[in-house]
Amino acid sequence: MKFKLLTIVLLALVPTTAWAVSPPEIAGGAQLFTQEWQPHNSALGGDGLGPLFNATSCATCHQQGGIGGGGEAAFNATSIGIDSIEVYGRRVTLAVLANLVSQFHPGFVQPDGNVANVAGLPHHGGSSMLRGFHEKVLQQAGANYADEGGPTEAAEVRIANGNPIVFDDTINGYRIRIKARMYSRNTTALFGSGLIDQVSDKQLDRQVRLQKKHPEISGRPSTLQDGRYGKFGWRANIASLIEFNDQACANEMGLQTRRKVQTSDSTVRGYQNTSSDISDEQIEMLTHFTAALPAPRQSIPSDSAVDIRRGEALFNEVGCNVCHVADMPPASGLYSDLLLHDMGRESIDLSHAEPYIVRRELVTKDAEILPEAPAGFTASTAYYGNVTMMPITFESPRGYESSRPAFTFQAPSGPTTLVTSRLIDSKVNPDIKNNTVAIARSFTNQRSTSAVVRTELREKMKLQPTNFNQEWRTAPLWGVRDSAPYWHDGRAETLLEAIAMHDGEAAGTRDRYLNLSYEDRQSVLAFLESLVAP
Amino acid sequence: MVCGAVLATVLDSGPRVYAADPVSWSTPMGEVPAATADDALVVVLMTNDVAAQQNARKRRSQPVSCWCQRSFERSVSRVPAGYSLPSAPIDFQHWAVGLPPIVTGGERPSDVERAIAIVTDGKYRILALSVGVPHGQDLRQLIEDAEDTRVLLRQDSSDANESSVKETVGRIVDRIRGRLNRIWQRELDRQFDALGEPDGDPIDDLFEETTRYTSAVKLRLGSIAGQLHQVYLQDAQTRFGLTEASDLNRLAILEQHPATRLPWVTTLAPFVVGSDLRSLYTDLAEVTWGQCVMPVERPGEQPSEAADDPLSLAEWVSQRDEKRPFTLQLRPPLLEDRISPQRAQVTDVARRRGLGWQDLDAVVKVTPSREVSPGEIAAWLSQTDGKPIDLRRPSRARFLFFRSPSDPPYPIRDGSPPGRAISMIRQVQK
């Protein structure tokens, strides 16, 4: 009964243009969006909610300005990222490193044994051992956390991010010193996301060309491995709304989908959810609903109309509109170019943006296919962005010296290699009979010897160096009044703080804004305050 | 895929009733009529504008002109009409306290414009304050806050149990604690715990013993503000992404918006509420802006009368020997300018040769010396048709050295190594 009533209310919000899909599908999506998920899904045979989750329903976090909106800092997703590692001792292997790092937090160790430099810290669920690790790092961050799991307010986000976390311990004859930091991601509003979904890649290319006229701005598309551009998420690392929903289910609620594996509990190795927790049809319904959420609007009080219009003119005059593009058809009033921009060092988060792929070519070659990924590669984990896997040098370049670290890692600020490739197709090459020689030559006996030589069709990709830890999608400003706190992690309590936080490419625009008269600055703020949730 | 509606624009015209009359500015520090003094409020907008040259007769007719006048007047127009009644009027005053061109090199200073808004009762006892230009509903909230504070002070004043000053401050602390985040709450409690009773007879009623209470506040203001300032800078650094010293100029601009310094001023407020603004305003401006200011000409008072020393600077200079050197030591602002550079480094060799900063202090002491504020210098130079001098640039003037009363001043600045000045003074003293 409760859901039925809520569905009616939600459907009333959906514009009539949305009925082109089908009211029942949207209604079904609305119900799924607000559904409180439970562990175990007897219908699908999956384990249902969890084992790790940030919330029990989509609507828990997406509620500011109405169902589908953004969320306060308390709903932030949190993670911990490793800036650097030093290990002192004899020979450090991947297994040794994994063991040492897992004493700090086991979430860094991937199911395949690799060690990533970022670990998600889902708010709820998991074994008591995992919760113990979570508690320990949260305590070290020195911030206050809400029952919902995120920092209680913007000030606490800043405290958490500003306090370096140091893990210094001696384990099994190795001394390990880790420097890490807490990161957060604020819940984005989904209003108008159906329109963003329809923005074409060509339009993003057009914005890149237009921005070349502005020497200080260098927006670039979020180039995904499969050739598409990303448009969703703070890092724009997701191409479509349906994938965004797919990933949100898996990462935020532990609802495994057919395409996306749920977040696993790193203290319970070997556990596998044998089935999906949410069906394709349900994901589609969720997508129909989120796509049908109305776009934000502009609200102009009659006594402020002149001020707001003036503020908009000044917004354009100082250059905010170069990145905060008003219209990206069909997303009118979006105020974003959906491109990635370097926002400066203060905005670093180690779940980085997609590397910038500037050229692609297909190549065929015989290659050694190893069951494990090569060291130092960038990998996609949760949908917050990519992480870096720890590179291990198997041949120690020098002898053992107790004063020198046997292993060091420093989080890269950009791609470590400018050429990479992805597999398109792969076949066993019948012409190569002895396929173990090359493997032995390159990776000695540290790796599995079960590799075989195959002929692969690969797409070779050339990357352009970027500061990928500090690249962010231009935040759409529609509905901005109703989506505080601001910035990717919700560290900015006010719009003024968010504007002042602009650095990197946006530093010049920020300074032009600050050089406006007080009254003009207030007019720009009045304009921004006029952009409200639907 | 289904699409939502395009960005819709809605014109909202809700009913609002605001004070319709244009702002009627009153004379700075003018007496509030006795009939309404008990219930009146005075809203003081203090800015670093330079006061126009005026004489007492014309003062009333001088129009107010300040950098944020339009914004402020718009905020005033948003105060509901019912807030100012004939029996409890709200008086608006502008206090321009910027240093005049005669001490800023003859030109209008290019400083970032500053503002502080203070609400007092009819006897100029501080009730509420904010840094920056009140915008939108800010002024209304400030007035409401002032009214609440006045009620609380009155209650304590009439309380038969005779609350101590600390208890009264404690009640104000309790009232505002919820407006602060954890960091500032901790700082507020720390300052409150450290708050002692003033020496001598205890002040039982800060509402009635204003003069004594103001003296106590004046004594501790620099220390409290300095400690709060450290917290503020750390907080502002993460709030506004400030990373370099040059970013402090950005912070000064941001401080025109009340939200920027709100936690600082909210934490400071309980420790200054109840004191007489007329005695505290220069200190308040200095600790907030980190710069010296020019005292406001009070009705019927000459500028020199505001100085602590009963002997005016002009009189003191006139008493100097015609052929003997003397020194004026510039009083730094209560809280040093955050943007000004540190004192110039002195090499070990120069120090061994007696050319260090301490040597400068020693050599200056040999001459007749007097500590003066930039405001006193400005008044004196204006009276004597002296040439303009820049007391702050290229770096802050520490001393003004005069070979004789008829010679022009030689500024000795923080940014220049003191060796040359020491040599010159020694030579003159021979």
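Since this is a predicted model, take the numbers as computed values, not measurements.

Participant: Could you clarify how one ought to interpret the overall build of chain B in this entry?
Facilitator: Counting its secondary structure elements, chain B contains 14 helices and 10 strands. Sorting the 430 residues of chain B into buried and exposed places 53% on the buried side. Put simply, 76% of the contacts in chain B that link residues at least 6 apart link residues at least 24 apart.

Participant: In this structure, what is going on with the pairing of strand E9 (residues 397-402) of chain B? I would like to understand it.
Facilitator: In summary, the side chains of a regular strand alternate between the two faces of the sheet. Residues and elements named next belong to chain B. For E9, the tally of buried residues reaches six of six residues, placing the bulk of the element in the interior. As paired strands, strand E7 (residues 326-330) and E9 are joined by four bridges and run antiparallel to one another. If you follow Gln-329 over to E9, its bridge partner there is Phe-399. Note: E9 against strand E10 (residues 410-413), four bridges, orientation antiparallel. Bridge pairing links Phe-401 to Tyr-410 in E10.

Participant: For this particular structure, what's the right way to read the packing of helix H12 (residues 357-365) of chain B against helix H14 (residues 419-429) of chain B?
Facilitator: Packed helix pairs are specified by the crossing angle of their axes together with the interaxial distance, meaning the distance between the axes. Residue and element names in this part refer to chain B. Across the interface, H12 lies against H14 with an axial gap of 10 Å and an inter-helix angle of 25°. The orientation of H12 relative to H14 falls into the category roughly parallel. As for the relative orientation of H12 and H14, their crossing is left-handed in sense. Contacts from Asp-359, Leu-360, Val-363 and Val-364 in H12 reach Ala-421, Ile-422, Ile-425, Arg-426 and Gln-429 in H14.

Participant: Looking at this structure, I do not really get the interface of chain A and chain B. What am I missing?
Facilitator: By a widely used convention, the size of an interface equals the accessible area lost when the partners come together. Across the contact, 53 residues belong to chain A and 38 residues belong to chain B. Summing both sides of the interface, chain A and chain B together bury roughly 3900 Å²; the carbon and sulfur share of this comes to 56%. Looking at the side of chain A facing chain B, the largest losses of area belong to Arg158(A), Tyr518(A) and Glu519(A), adding up to 17% of the total buried there. Joining chain A to chain B, the criterion identifies seven salt bridges. Asp307(A) serves as the salt-bridge partner of Arg74(B), at 3.5 Å between the closest nitrogen and oxygen. If you list the elements that add at least two residues to the side of chain A that touches chain B, you get helix H6 (154-162), helix H7 (193-197), helix H10 (280-292), strand E11 (297-301), helix H11 (305-317), helix H13 (495-501), helix H14 (507-514) and helix H15 (518-529) of chain A. Residue composition of the side of chain A that touches chain B, by class: 25 nonpolar, 14 polar and 14 charged.

Participant: Can you help me understand the sheet that holds E10(B) in this one?
Facilitator: The strands that make up a sheet pair up through hydrogen bonds in the backbone, lying either parallel or antiparallel. All names here are of chain B. Pairing within the open sheet is mixed, and its four strands lie in the order E8-E7-E9-E10. Because the sheet does not close on itself, it has two edges, and the strands there are strand E8 (369-372) and E10. On average, each strand axis in the sheet is inclined to that of its neighbour by 25°, with strand direction left out of account.

Participant: Explain the pattern of salt bridges here, please?
Facilitator: Side chains that carry opposite charge are capable of pairing whenever their charged atoms lie near each other. Scanning the model with the defined rule gives 53 salt bridges over all chains in all. For the salt bridge of Glu243(A) with Arg228(A), the shortest nitrogen-to-oxygen distance reads 2.7 Å. One end of the pair, Glu243(A), is in helix H9 (residues 241-252); the other, Arg228(A), is in the loop between strand E9 (222-223) and strand E10 (229-230), and 15 residues separate them in sequence. Using a relative accessible area of 32% as the deciding quantity, one classes Arg228(A) as partly exposed. A salt bridge links Arg261(B) to Glu255(B); the shortest N-O distance between them is 3.0 Å. Glu255(B) shares its class with Arg261(B); the two are buried.

Participant: Sorry, what's going on with the environment of Trp234(A) here?
Facilitator: Residue and element names in this part refer to chain A. Inspection of the secondary structure assignment puts Trp-234 in the loop between E10 and H9. With sequence-adjacent residues up to four places away left out, Trp-234 is seen in contact with Arg-185, Asn-186, Thr-188, Trp-472, Arg-473, Ala-475, Trp-487 and His-488. Of the polar contacts made by the side chain of Trp-234, one reaches the backbone oxygen of Asn-186; its length is 2.7 Å.

Participant: What am I meant to see in the packing of aromatic side chains here?
Facilitator: The way to describe two aromatic rings as a pair is by their centre distance and the angle between their planes. Residue and element names in this part refer to chain B. Here the structure, examined in full by the defined rule, presents 15 aromatic pairs over all chains. With centroids separated by 5.1 Å and ring planes inclined at 80°, the aromatic side chains of Trp-95 and Tyr-281 adopt a geometry described as edge-to-face. Linking Trp-95 in strand E4 (residues 90-98) with Tyr-281 in helix H9 (residues 277-289), this pair joins segments that are 186 residues apart in sequence. Tyr-281 sits in the buried class, given a relative accessible area of 5%. With a centroid separation of 5.7 Å and an interplanar angle of 80°, the aromatic rings of Trp-316 and Phe-326 are classed as edge-to-face.

Participant: Help me understand the packing of helix H6 (residues 210-240) of chain B against H9(B) in this model?
Facilitator: All names here are of chain B. At their nearest, the axes of H6 and H9 sit 10 Å apart, and the two run at 0° to each other. In terms of orientation, H6 lies roughly parallel with respect to H9. In this structure, H6 uses Thr-214, Val-217, Lys-218, Leu-221, Gly-222 and Ala-225 to contact H9, whose residues at the interface are Ser-279, Leu-280, Asp-283, Leu-284 and Val-287. Each residue belonging to the contact of H6 with H9 can be placed in one class, and the counts come to six nonpolar, three polar and two charged.

Participant: Even after reading the chapter, I still don't get helix H8 (residues 258-268) of chain B, so can you show me in this structure?
Facilitator: Burial analysis of H8(B) places nine of its 11 residues in the buried class, the great majority of the element. Taken together, the buried positions of H8(B) are Pro258(B), Thr260(B), Arg261(B), Pro263(B), Trp264(B), Val265(B), Thr266(B), Thr267(B) and Leu268(B).

Participant: Before we go on, may I ask you to explain the confidence of the model for chain A in this structure?
Facilitator: Residues shown with low pLDDT carry predicted positions that ought not to be read at fine detail. On average, residues of chain A score 89 in pLDDT, and 87% of them reach the 70 mark or higher. Contacts of residues 370-376 of chain A to residues separated by more than four positions or lying in other chains number 20 contacts, the stretch itself having pLDDT below 50.

Participant: I tried to follow helix H3 (residues 138-158) of chain B on my own but got confused; where do I start?
Facilitator: Owing to its 3.6 residues per turn, the α-helix aligns residues three or four sequence positions apart on the same side. Residues and elements named next belong to chain B. Helix length check: H3 (21 residues) gives 30 Å between terminal C-alpha atoms against 30 Å at 1.5 Å per residue, within 8%. Where H3 is concerned, the buried positions are Leu-139, Leu-142, Ile-143, Asp-145, Ala-146, Thr-149, Arg-150, Leu-152, Leu-153 and Asp-156. On its buried side, H3 packs onto strand E3 (41-50), helix H2 (69-77), E4, strand E5 (115-121), strand E6 (126-131) and helix H4 (165-177).

Conventions adopted
Residues numbered from 1 in each chain as written. Chains lettered and ligands numbered in written order. Predicted model: local features only at pLDDT ≥ 70, side-chain atom pairs only at ≥ 80, totals over all residues. Heavy atoms only, no water. Helix = DSSP H or I, 4+ residues; strand = E, 2+ residues; numbered from the N terminus. Buried < 20%, exposed > 50% of the residue type's maximum accessible area, 1.4 Å probe, protein only. Contact = heavy atoms within 4.5 Å. Pairing = 2+ DSSP bridges. Axes fitted to C-alpha atoms, helices over the stretch in contact; angles between N-to-C directions. Parallel < 35°, antiparallel > 145°, perpendicular 65-115°, else oblique. Left-handed = near helix turned anticlockwise from the far one by under 90°. Buried area = accessible area lost by both parts, 1.4 Å probe. Salt bridge = Lys/Arg side-chain N within 4 Å of Asp/Glu carboxyl O. Nonpolar A, V, L, I, M, F, W, Y, C, P; charged D, E, K, R; others polar. Polar contact = N/O pair within 3.5 Å; in protein donor to acceptor, adjacent residues only side chain to side chain. Phe/Tyr/Trp six-rings, centres within 6.5 Å; stacked < 30°, edge-to-face > 60°. pLDDT = per-residue confidence, 0-100. Expected span 1.5 Å × (residues − 1).

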